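Structure assessment
Here is how the chains run, residue by residue.
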Amino acid sequence: MIELRNVAYSYGGAELFSDLSLVLGPGSFHFLTGPSGAGKTTLLKLCYGELTASSGEVLLFGADARAMDRDMVALARQRIGVVHQDCQFLDHLPLAENVALPLTVAGRKGDAAQDLADLLGWVGLTAQAGQLPPQLSGGERQRAALARAVIMSPDVILADEPTGNIDWEMSQRLLTLLIELNRMGKAVLVATHDLNLIRAAKAQVQARVLRLRGGRLQSAGVDL
Amino acid sequence: MRVRAGNTLGMALSLVAGDKQADRAVPPTGFTAQLTVFAAGAMAFLAVFALALSLATGRLADRWAAELARTSTLRISAPADQMAAQTQAALRLLQTTPGVAEARALTADEQRDLLEPWFGPDLPVETLPIPQLIEIVETGEGYDAIGLRARLQAEVPGALLDDHTRWREPLVAAAGRLRVLGWLAIGLIAAATAAMITLAAQAALSANAQVIRVLRLVGARDVYIARAFVRRFTLRALSGAAVGTVAGMLAVLLLPDADVAGGFLTGLGFSGWHWVLPLLIPPLAALVAFAATRAAALRSLKEQS
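Residues numbered from 1 in each chain as written. Chains lettered and ligands numbered in written order. Predicted model: local features only at pLDDT ≥ 70, side-chain atom pairs only at ≥ 80, totals over all residues. Heavy atoms only, no water.

1. Focus on the nonpolar core
Phe29, Phe31, Val99, Leu120 and Leu146 of chain A are the most contacted members of the largest nonpolar core, which totals 44 residues. Elements supplying a minimum of two residues to this core: β3 (29-33), α3 (95-99), α5 (113-122), α6 (138-150), β7 (156-160), α7 (168-183), β8 (187-191) and α8 (195-202) of chain A. Residue contacts for leucine 146 of chain A: discarding those within four places in its chain leaves Val83, Leu174, Leu177, Leu178 and Leu181 of chain A. Judged by nonpolar contacts, the second largest core, of 32 residues, contains Leu43, Leu60 and Leu212 of chain A together with Leu217 of chain B. (Core = buried A, V, L, I, M, F, W, Y, C linked by side-chain atoms within 4.5 Å. Buried < 20%, exposed > 50% of the residue type's maximum accessible area, 1.4 Å probe, protein only. Helix = DSSP H or I, 4+ residues; strand = E, 2+ residues; numbered from the N terminus. Contact = heavy atoms within 4.5 Å.)

2. Re the pairing of strand β2 (residues 14-24) of chain A
Each regular strand carries side chains that alternate between the two faces of the sheet. All names here are of chain A. Pairing between strand β1 (residues 2-11) and β2: seven bridges, direction antiparallel. Counted as the bridge partner of tyrosine 9 is phenylalanine 17 from β2. Between β1 and the antiparallel strand that follows it, β2, lie two residues; glycine 12 among them carries a positive phi value of about 60°. (Pairing = 2+ DSSP bridges.)

3. A few points about the interface of chain B and chain A
Between chain B and chain A, the contact holds 21 residues from the first and 21 residues from the second. One can count two salt bridges joining chain B with chain A. Residue arginine 70 of chain A is joined to aspartate 222 of chain B by a salt bridge in which the shortest nitrogen-to-oxygen separation is 2.6 Å. The interface formed by chain B and chain A contains four residue pairs in polar contact (both at pLDDT 80 or more). Elements with a contribution of two residues or more to the side of chain B that touches chain A: α2 (20-25), α8 (209-217), α9 (222-253) and α11 (281-304) of chain B. Taken together, the residues of the side of chain B that touches chain A sort by class into 12 nonpolar, four polar and five charged. (Salt bridge = Lys/Arg side-chain N within 4 Å of Asp/Glu carboxyl O. Polar contact = N/O pair within 3.5 Å; in protein donor to acceptor, adjacent residues only side chain to side chain. Nonpolar A, V, L, I, M, F, W, Y, C, P; charged D, E, K, R; others polar.)

4. Description of unusual backbone geometry
All names here are of chain A. A positive phi angle, close to 50°, is found at aspartate 19, a residue other than glycine. Note on placement: aspartate 19 falls in strand β2. The phi angle at glutamate 161 is positive, at roughly 45°, despite the residue not being glycine. Topologically, glutamate 161 is positioned in the loop between β7 and α7.

5. Here we look at the packing of aromatic side chains
To describe a pair of aromatic rings, one takes the distance between the centres and the angle between the planes. If you walk through the whole model with that rule in mind, you get four aromatic pairs over all chains. Measuring from ring centre to ring centre gives 5.3 Å for phenylalanine 45 of chain B and phenylalanine 49 of chain B, while their planes differ by 50°; the resulting arrangement is tilted. Highlighted residues: phenylalanine 45 of chain B and phenylalanine 49 of chain B, both in helix α3 (residues 30-70), separated by four residues, approximately one helical turn. The partly exposed category is assigned to phenylalanine 45 of chain B, whose relative accessible area is 31%. The ring of phenylalanine 61 of chain A is capped by arginine 79 of chain A, whose NZ or CZ atom sits 3.9 Å from the centre of that ring. Directly above the ring of phenylalanine 233 of chain B sits arginine 236 of chain B, whose terminal nitrogen or CZ lies 4.8 Å from the centroid. (Phe/Tyr/Trp six-rings, centres within 6.5 Å; stacked < 30°, edge-to-face > 60°. Lys NZ or Arg CZ within 6 Å of the ring centre and 35° of its normal.)

6. Description of the environment of arginine 179 of chain B
All names here are of chain B. Residue position: arginine 179 is located in helix α7 (residues 165-207). Separated by 37 residues in sequence, arginine 179 and glycine 142 have C-alpha atoms that sit 27 Å apart. In contact with arginine 179, not counting residues within four places along its chain, are Ser54, Thr57 and Gly58.

7. Thoughts on the domain arrangement of chain B
Looking at chain B, the domain boundaries give domain 1 (20-64 + 177-304) and domain 2 (78-157). The distance between the C-alpha centroids of domain 1 of chain B and domain 2 of chain B comes to 56 Å. (Domains from an automatic or database assignment.)

8. Here we look at the sheet that holds β8 of chain A
All names here are of chain A. Strand order in the open sheet formed by six strands is β6-β7-β8-β3-β9-β10, with mixed pairing between adjacent strands. Each end of this open sheet is capped by a strand with a single partner; those strands are β6 (80-83) and β10 (216-219). Geometrically, the sheet is characterised by an average inter-axis angle of 20° between neighbouring strands, direction not taken into account. Direction of pairing for β3 relative to strand β9 (residues 208-213): parallel, over a ladder of four bridges. Bridge assignment links histidine 30 to a residue of β9, and that residue is arginine 208. Those strands touched by helix α1 (residues 40-47) are β3, β6, β7, β8 and β9, and its axis lies near 155° from that of β7. (Axes fitted to C-alpha atoms, helices over the stretch in contact; angles between N-to-C directions.)

9. Points about the side chain of aspartate 160 of chain A
All names here are of chain A. Topologically, aspartate 160 is positioned in strand β7. As a buried residue without a salt bridge, aspartate 160 has its nearest oppositely charged side chain in lysine 40, at a separation of 6.8 Å. At a separation of 2.8 Å, a polar atom in the side chain of aspartate 160 contacts the side chain of threonine 41. Apart from the residues lying within four places of it in its own chain, the contact partners of aspartate 160 are Thr41, Leu44, Val83, His84, Gln85 and Ala191. (Lys, Arg positive; Asp, Glu negative; His and termini not counted.)

10. Some points on the confidence of the model for chain B
All names here are of chain B. When pLDDT is averaged along chain B, the result is 83; 89% of the residues meet or exceed 70. No element of chain B has a lower mean pLDDT than helix α10 (residues 258-261), which averages 50, and none a higher one than α9, which averages 91. The ipTM assigned to the predicted complex is 0.85, against a pTM of 0.70. (pLDDT = per-residue confidence, 0-100.)

11. Considerations on the pairing of strand β4 (residues 55-60) of chain A
Residues and elements named next belong to chain A. In the sheet, β1 pairs with β4 via five bridges, with the strands oriented antiparallel. Note on β4: the bridge partner recorded for arginine 5 is glutamate 57. Of the strand pairs in this sheet, β4 and strand β5 (residues 63-64) are connected by two bridges, and their pairing is antiparallel. Note that in β5 the partner of leucine 60 across the bridge is alanine 63.

12. Some details on the sheet that holds strand β3 (residues 132-138) of chain B
Residues and elements named next belong to chain B. If you walk across this open sheet you meet the four strands as β2-β3-β1-β4, and the pairing is antiparallel. Of all strands in the sheet, those with a lone pairing partner are β2 (100-105) and β4 (159-162), marking the two edges. Strand-to-strand twist across the sheet, computed as the mean angle between neighbouring axes with direction ignored, equals 20°. Both strand β1 (residues 71-76) and β4 contribute to a ladder of four bridges, which runs antiparallel. Paired with isoleucine 76 across the strands is alanine 159, a residue of β4. Its contacts with the sheet put helix α4 (residues 80-95) on β1, β2, β3 and β4, and the angle it makes with β3 is roughly 5°. Set on the sheet, helix α6 (residues 145-155) makes contact with β1 and β4; between it and β4 the angle comes to about 170°.

Printed below as a string of structure tokens:
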């Protein structure tokens, strides 16, 4: 679904990484680790077309991202759910409208009211549906971001430090949600520093752990 | 080109239909919204006056041209003992000239009245070597000025025909220039409105960079994001211009009547079906706002990507 072939990315003349290849196929589960500044977030942004590779190929659902115009990238993003560490909500809209935003943008709001209610129940945020994002706790915001990422039933879920601001119990809950989605056939890529989260995941699901370091992507064991 | 026109038309139609959800995606901006409405209203108010000026000068030019074109003057400069004979000869000639409806020698009193503004009321016209003036009123078709001059030269050597061309042309040209200035003012007002709305739209787009980032993250296309801004600014311009136009029309309506005051400026206004023309200002302002905001939004979104 998303494939990176010999990708390099440079910023301000400095090469962040090069010769990087990765395939996110249906039902795959990847963790991406590495030191801060190694380029994990950049790699995720390449995967959803926010950035363009300096060289190499990024294929989004079979199409070369470099050849895609902004409308095509937007349509591809409707098949990719993204969870940011800082969540990124529209602070003037209630939580329910934020979660439903991908449906609204895609013009599918009308027939998805029940889906929205079910999803809010699934992430445990039914009671907070009418609250504005600034009124929510960090964990609630992370769960809401995950709910928004999956409401379109995307093929791929990309999560950037989804447990960065929440406690262990909430991290476990988020991990459970991601594993559940992966079992539905979604490709999942999680960028994280949290080794405990990776260990917990590997106990439950066949996950591949990748390490981005020194501009190279390597497979790594759980004992990183 | 056709696809682009189709996109613009589609956007215009969806603009009319509206999209409540897309509108809600962009947070409301109270103060800048009021400024946009005010600016559109002020510009529409000025546009009403520019339009009134343009139409009034057009009417004035037509009236001057028509009035001056229908009359001309024959001036007879002859020694005192030949003045009466040449005047009579000229009148006889004019009576037989096709295109001349009426010819009449001005009386001494009338000639004194003409000179009074320059020489005062007690001018002894009879004792001064003042030319005799004959007023000629033309028929609708008019006369052949070249032919008449030739006949006058032969039969009335002291006659000089003034068909008012010298007067008419600069007056009509001046009125025409005023009319052009009026339309130029309307054009400048439209351009200034577009510039102000572009600046306001750019400011709104910059202020909502985070909103745009989020919308893009969830797969919003540029036209979807632009639509919320375009609709908002178009409706603001429409409502502001509607208020400004109504205020401008009321102000024009309340200007002193031309017949009472008699001056040029008091003739500023609309007459007949021309009262419909200012009503086109609000939709035109909305059109300008639509085009300006759409261009600004799409350019800004392209730069931000």
